[in-house]
Amino acid sequence: MLSIENLSVDYASRSVLSDLNISIPQGKITALIGPNGCGKSTLLKAISGSLKAASGKVTLADQDLTKLSHKKRARRLSILPQSPITPEGISVRQLVSFGRNPYLSQWGGLTSEDQQKVQMALAETALTDLADIPVDSLSGGQRQRAWIAMVLAQDTEYILLDEPTTYLDLTHQIELMEMMQKMNKNGKTLVVVLHDLNQACRYCDHLIVMKKGQLVAQDTPHKIFNSRLLKEVFALNAMIINDPIANKPMCIPL
Amino acid sequence: MTRYTQLLLSTFLLLLILAGVSLVTGAEPLAIKTVLKTLIEGGEQDFIVNYYRLPRILIAILVGMGLAISGVLTQGIIRNPLASPDLMGISGGAGLAACTVLLIWPNINNAWLPPIALLGGFAAALIIWLLNRWHNPSPARLALVGIAISAFLSSCINFLLVLHPIEVNSAMIWLTGSLWGRNWDYLWPLLPWLITLVPFSFYLAWSLDLFALGEETANALGVDTQRLQIVALLSAVALASVSVAVCGTIGFVGLLAPHLARLLVGSRHKLILPCAALIGALLVLSADTLARNLAPPLELPAGVLTAILGAPYFLFLLHRYKGC
Amino acid sequence: MNISLSARQTWPLKPAILITTLLSGFMFSLYGQSEFLLQANDLWQILIAPDSNNIKQQIILSLRLPRSLVACLIGFNLGIAGLLMQGLTRNPLASPTLFAINSGAACLMALNSIGFIFFSGLPSEVATFLGALLGGGLVFLLGGGLRSNNNILRLILAGIAINGLLTSLTRAALIIADDKAYSILHWLSGSLSEVDWQSWSQLWPVSLVALLLAFSCSRGLNLNALGEQTAASLGINVTWLRIRVCLAVLLLTSISVTLAGPIVFIGLIAPHLARALFHNNHFVLLPASGLLGAALVCWSDLLSRTIVPGAETPVGIVTALIGTPFFIYLVLKGKL
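Here the residue numbering is sequential within each chain, running from 1 through the sequence in written order. Labels follow written order: the first chain is A, the first ligand is 1, and so on. This being a predicted model, a pLDDT of at least 70 is required before a residue's local features are given, and a value of 80 or more before pairs of side-chain atoms are given or counted; all residues contribute to the totals for chains, interfaces and linings.

> Any details on the overall build of chain B? Residues and values, ideally.
Counting from the N terminus, the helices are DSSP H or I runs at least four residues long and the strands are E runs at least two residues long. Of regular secondary structure, chain B possesses 14 helices and 0 strands. When the helices and strands of chain B are read in sequence order from the N terminus, they spell out α-α-α-α-α-α-α-α-α-α-α-α-α-α. Relative to the 2.2 N^0.38 estimate, which gives 20 Å for 324 residues, the radius of gyration of chain B is 19 Å and therefore close to what a compact globule would have. Projected onto the principal axes, the alpha-carbon positions of chain B cover approximately 65 × 55 × 35 Å. Each residue is classified by how many other C-beta atoms fall within 10 Å of its C-beta atom, where C-beta atoms are placed from the backbone; a count of 20 or more means buried, 12 or fewer means exposed, and values in between mean partly exposed. Put simply, chain B has 324 residues, and 57% of those count as buried. Placing a C-beta atom from the backbone of each residue, one calls two residues in contact when those atoms lie within 7 Å. Within chain B, contacts between residues separated by at least 24 positions form 77% of all contacts whose residues are at least 6 apart in sequence. Atoms counted for the radius of gyration: C-alpha only. Globule rule: 2.2 Å times residue count to the power 0.38.

In C-alpha cells:
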C-alpha cells in the first residue's frame with residue numbers, strides 16, 4: 001500500500017500541500033480530483049521525489065520512498081507527467097525502451113529481457129505496427145498510448161498518471177480509460193489525476209478529493225460522491241443520479 | 001554497414017583527407033611524397049612538417065572535438081537551441097583568465113593554462129547559473145544574458161590587450177581564436193583532459209536522452225536529474241575551457257557542430273556525440289587550413305572563418321526557432 | 001491635472017541637476033587627471049588673462065578643450081540616436097550597439113583604413129556611413145523587422161549574429177594591417193585619445209544637420225508610440241518618418257564612430273534614464289536623452305583616464321563596464 005503521512009510541501013515559502021494523510025489501496029484504480037490549483041500535480045511530484053517535501057513521508061509497503069535511490073524508486077513506481085516533452089525524431093520503440101532505464105546500466109544497453117518487456121508494452125498498447133515511426137508524427141491519441149507504453153515498460157506495481165486525458169477527444173479518452181482498466185486487471189495499481197468527474201466515478205474504484213492543498217475526502221465513489229461534496233469542493237450545484245450502465249454515481253450540473 | 005557507420009566513416013575519411021591537405025599546403029607548399037618521407041624519417045622539412053604543421057593539425061582536431069562535445073552537453077541540459085559554450089560566456093571567461101595569466105607571467109608553463117582557463121570558465125558559468133536560478137528567464141532571454149556576459153568578457157580581453165600590447169598574432173588568439181604557432185608544447189597539456197572528459201560525456205549519453213523528455217519524466221524514470229545537470233554542465237565547461245586555453249575563443253563551433261549532427265543522425269546522444277565531435281574537428285581544421293592558405297604568408301585567425309560560417313547559420317536557426 | 005501640476009513643480013529641478021552634472025563633468029575633464037597638474041584656477045585664468053605662452057593654458061586649449069567638446073557632442077549624438085531607434089521600433093532594447101550599426105561602421109572603417117579594394121578611395125565618413133547602413137539594414141531585414149508582428153528578441157539575436165560576423169571581419173582586417181594593428185585596436189574599443197580640433201570641425205556640421213533632422217521628428221515619434229496604424233490615421237506619413245529617423249540615426253552614429261570608434265551602450269542607457277526622469281514626450285525626451293548621453297560619455301572619459309594612471313583606457317571599455325549590468329537588468333526585469 002502506498003501511504004502518505006503528514007506530507008507538507010512549500011513552494012517559494014507558500015504552503016501548497018499541508019499535512020496530507022492519504023492511503024492508496026493496492027490493486028485498485030484511484031482518481032485524484034479537485035479544482036484547478038488544489039495541489040494534485042504537486043502531490044504527484046512530491047510522491048515521485050521531483051519536489052522536496054517540507055515534512056512528512058511517502059511510504060510504499062513500509063519503505064520510505066524518499067530514502068530509495070532514484071533507480072530503485074523508479075522500479076517500484078512510475079509517473080507520467082501532464083505534458084512530457086517529445087523529442088524530435090525519436091521512434092516509438094526508442095521511447096518505450098526509455099522506460100527500461102531503472103533496470104539498465106549507465107550506458108543504456110538493453111538485454112533480451114528488456115527487449116521482451118518493450119515488445120510486450122508495445123503489444124499491450126496496440127503500437128507494435130507503429131513501433132518504428134517517430135513519436136512526433138503520431139496523432140494525439142497514439143502519442144498518449146506511446147507514453148503509456150513507456151510507463152508499462154517500466155514494469156512497476158504503481159503507475160501515476162497526471163491528467164492523461166487532457167488533450168484527447170472523447171473517443172480516445174474512453175479508449176485510454178479502458179486501457180487503464182485492462183492494466184489494472186493485469187495487477188497494476190493506478191493513480192490518475194482527472195478533470196471529468198463522471199469518468200472518475202465510472203472507471204475508478206477509489207476517489208481522493210482535494211481542495212486548496214488539503215484532503216477533503218477519500219473513499220469509494222458510492223460513499224463520498226454526493227451533491228454536498230460537489231457544492232463544497234467545486235462550488236457546483238448538481239444532482240447525483242445512478243449511471244445505469246456502470247452502476248456508479250454520476251453528476252448532472254443544475 | 002548501417003547508414004550511421006557509413007556516415008561516421010565518410011566524415012572520418014574527410015577529416016583524414018583534410019589533414020593531408022593541411023600538411024601539404026601552406027606558406028611553403030610541399031609535395032605529397034616529401035611530406036610522407038618527412039613523417040617517417042624526418043629530413044630537410046622536418047621542422048615544417050613535424051614541428052609546425054602536424055601538432056597544429058592534431059590540436060585543431062582535439063579542440064574541435066572538445067568544443068563540439070561541450071556544445072552537445074550544454075544544449076542537452078539547457079534544452080535551448082541557442083545555447084553553446086561561446087554564447088553562454090563560458091569561452092569568454094576561460095579566455096579572459098588564460099589571457100590575464102599569460103600577460104602577467106608570459107613565461108608560465110603551458111600545463112598551467114588549462115586549469116586556469118577552467119577557473120575562468122567556471123566563474124562565468126556560475127554567474128549564468130545564478131542568474132538563471134534567481135530569475136528563471138525564458139530560453140531566449142537566458143541566451144541574451146549569456147551573450148551580454150560574453151560580450152563584456154571579450155571587451156575585458158580587449159582592454160588587457162590595449163594595456164599590454166603583444167604580438168598581433170598572439171593577440172588574435174585571445175580576441176577571436178587562432179591556432180597560430182601552436183606546437184607540441186600545447187598539445188600535451190590538452191591531451192589528459194580530453195582523454196578523460198570525452199569518454200565521460202559518452203557515459204552521460206543515455207541519461208541525456210532521458211533528460212530530453214523533460215525534467216519530470218526523466219526523474220520518474222529514475223534519473224537523478226539534479227546530479228546529471230551539474231555533472232554534464234561541469235564537463236561541458238571543462239571541455240570548452242581547456243580548448244580555449246590552447247587556442248582562444250574560437251566561436252560558433254560549439255553551436256554549429258551539435259546542430260549539424262542532430263540534423264544528420266537524429267536526437268539520440270549516443271549517435272550525436274561521435275558525429276558532432278567529428279564535425280567539430282572538421283570545422284576547426286578546415287577553418288585553420290583555410291586561414292593559413294587564403295593569403296600566405298599572412299595568417300587569418302581561424303575564429304574569423306568559423307564566425308563567417310557560423311553567424312549565417314545562427315541567423316538560420318533564429319529563423320526557424322519559435323521560442324522567443 | 002494633479003499630474004501636470006507636479007510635473008511642472010519638478011520641472012526646473014531635474015533639468016538643472018542634469019545640466020549641472022554635465023557641466024561639472026565637462027569642467028573636470030578640462031583639467032582633471034593630467035600629468036601637468038592642471039587646476040581649476042587655470043580655467044579661470046584662460047578666461048580673464050589669456051596667455052599664449054602659458055603651457056598649461058595651451059594644453060587646455062589645444063588638447064583638453066577639443067577632447068571634452070567632442071566627448072560631449074558624441075555622447076549627445078549617441079543618446080539621441082538610441083532614443084530615435086527605440087521610438088521608431090517601440091523596442092526598449094534598440095540601440096546602435098545592439099543593432100550592429102556601430103560594428104558595421106567600425107568594420108568598413110577598418111577595411112577602409114587598411115586600403116581594402118574599393119573602400120580605400122572613400123573618405124572615412126562615407127565608409128562609416130555605408131557600414132552603419134549595412135549593419136543596421138542587415139539586422140533589420142534578417143531579424144524580421146519588416147514583418148508586421150516583429151519579435152523584439154528575434155531582432156536582437158539577429159543583431160548579435162551580425163555583430164559577431166562584422167567584428168570578426170574587422171579583426172581579419174587587423175591582422176592584415178599588422179603595423180597599424182594596435183592603433184586600430186585602440187580605436188575599435190572606442191577611444192577619445194586621438195581627438196583634436198580637426199575632429200571637432202569634422203564633427204559639428206554633420207551633427208548639426210542630423211540633430212535638426214532628429215528634432216523635426218519629435219511629433220511624429222510621439223504619435224508613432226501609439227502604433228503605426230494609429231499614427232497613420234492621425235495624419236503621419238509613417239514611411240517618410242521612418243526614412244528621416246533612419247537617416248538621422250545613421251548620420252549621428254557614423255560620424256561618432258569615425259572619430260572615436262564604437263562607444264558602446266550609451267545609446268541604450270541614456271534613453272532609459274531619460275524616460276525614468278521625464279514623462280514620455282519626445283519634445284522633452286530628445287534633449288534630455290542627448291544631455292544624459294553627453295554627461296555619460298564625458299564622465300566615462302574622465303573615468304577612463306583614472307582607471308590605469310598613465311595609460312589611456314579606451315572609453316568604450318568603461319561604458320561597456322557600466323552598460324553590461326544595465327543591459328542584463330533590462331533583460332531580466334522583462335522590460336522587453
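And the narrative resumes.
> Before we move on, could you go through the overall build of chain C and cite the residues and values that matter?
Helix and strand counts for chain C stand at 15 helices and 0 strands. Scored against the burial criterion, the 336 residues of chain C give a buried share of 51%.

> Explain the arrangement of the chains to me, and be specific about the residues and the numbers.
Between all 2 pairs of chains that are in contact, chains B and C come out with the most contacts. A minimum C-alpha distance of 19 Å separates chain A and chain C, which share no contact.

> Report on the pairing of strand S9 (residues 206-211) of chain A, specifying residues and quantitative values.
All names here are of chain A. Extensive coverage of S9 is indicated by the burial of 5 of its 6 residues. Pairing between two strands is assigned when DSSP locates at least 2 bridges connecting them. In terms of strand pairing, strand S3 (residues 29-33) meets S9 through 4 bridges, oriented parallel. Paired with Leu 32 across the bridge in S9 is Ile 208. Alignment of S9 against strand S10 (residues 214-219), held across 5 bridges, turns out to be antiparallel. Residue pairing in the sheet places Met 210 in a bridge with Leu 215 of S10. Two successive antiparallel strands, S9 and S10, enclose a turn made up of 2 residues, where Lys 212 displays a positive phi of approximately 50°.

> Could you give me a rundown of unusual backbone geometry, with the residues and numbers involved?
Phi at A:Ala126 takes a positive value of approximately 55°, unusual for a residue other than glycine. Of note, A:Ala126 is situated in the loop between helix H4 (112-124) and helix H5 (140-153). Despite not being glycine, B:Phe252 has its phi angle at roughly 75°, a positive value. Mapped onto the fold, B:Phe252 is located in the loop between helix H11 (225-247) and helix H12 (253-265).

> Which residues make up the interface of chain C and chain B, and what values go with them?
Each partner contributes to the interface: chain C provides 35 residues, whereas chain B provides 35 residues. For the side of chain C that touches chain B, the secondary structure elements donating two or more residues are helix H7 (152-176), helix H8 (181-188) and helix H15 (315-332) of chain C. With 16 residues, the single largest contributor to the side of chain C that touches chain B is H7(C).

> Would you mind going over the interface of chain B and chain A in detail, with residue names and values included?
Across the boundary between the two partners, chain B contributes 18 residues, which contact 26 residues of chain A. Of all the elements in the fold, those that place two or more residues in the side of chain B that touches chain A are helix H9 (205-211) and helix H10 (215-220) of chain B. Element by element, the count of residues in the side of chain B that touches chain A is highest for H10(B), at 4 residues. As a working rule, the residues Ala, Val, Leu, Ile, Met, Phe, Trp, Tyr, Cys and Pro are called nonpolar, Asp, Glu, Lys and Arg charged, and the rest polar, with Gly in that last group. Looking at the side of chain B that touches chain A, its residues break down into 8 nonpolar, 6 polar and 4 charged.

> Describe the packing of helix H2 (residues 13-31) of chain C against helix H4 (residues 55-89) of chain C, naming the residues involved and giving the relevant values.
Residues and elements named next belong to chain C. For the pair H2 and H4, interaxial distance at closest approach is 9 Å and the crossing angle is 145°. Regarding H2 and H4, the two cross each other, and that crossing is right-handed. Of H4, the residues touching H2 (which contributes Phe 26, Ser 29, Leu 30 and Tyr 31) are Ile 60, Arg 64, Leu 65, Ser 68, Ala 71 and Cys 72. Orientation is described by lines fitted to C-alpha atoms, with helices fitted over the stretch in contact, and by angles between N-to-C directions that extend from 0 to 180 degrees. If you view the pair so one helix is near and one far, a crossing is left-handed when the near helix is turned anticlockwise from the far one by less than a right angle, and right-handed when it is turned clockwise.

> Could you give an account of the packing of helix H2 (residues 32-41) of chain B against helix H3 (residues 46-78) of chain B, naming the residues involved and the relevant values?
Residues and elements named next belong to chain B. Two elements in contact, H2 and H3, have axes separated by 9 Å at closest approach and are oriented at 70°. As summarised for this structure, H2 and H3 are arranged roughly perpendicular, according to the angle between their axes. Here the hand of the crossing between H2 and H3 comes out right-handed. Touching Val 35, Thr 38 and Leu 39 of H2 are Asp 46, Val 49 and Asn 50, all from H3. Under this scheme an angle from 65 to 115 degrees is roughly perpendicular, one under 35 degrees roughly parallel, and one over 145 degrees roughly antiparallel; angles in between are oblique.

> How would you explain the environment of B:Ala302 if you had to name every residue and give the values?
Residues and elements named next belong to chain B. Of note, Ala 302 is situated in helix H14 (residues 302-320). For Ala 302, a count of 32 C-beta atoms within 10 Å translates into the label buried. As for Ala 302 and Thr 176, which are separated by 126 residues in sequence, their C-alpha atoms are 7.8 Å apart. Apart from the residues within four sequence positions on either side, Ala 302 is in contact with Gly 177, Ser 178, Leu 179, Ile 250, Val 284, Ala 287, Asp 288 and Ala 291.

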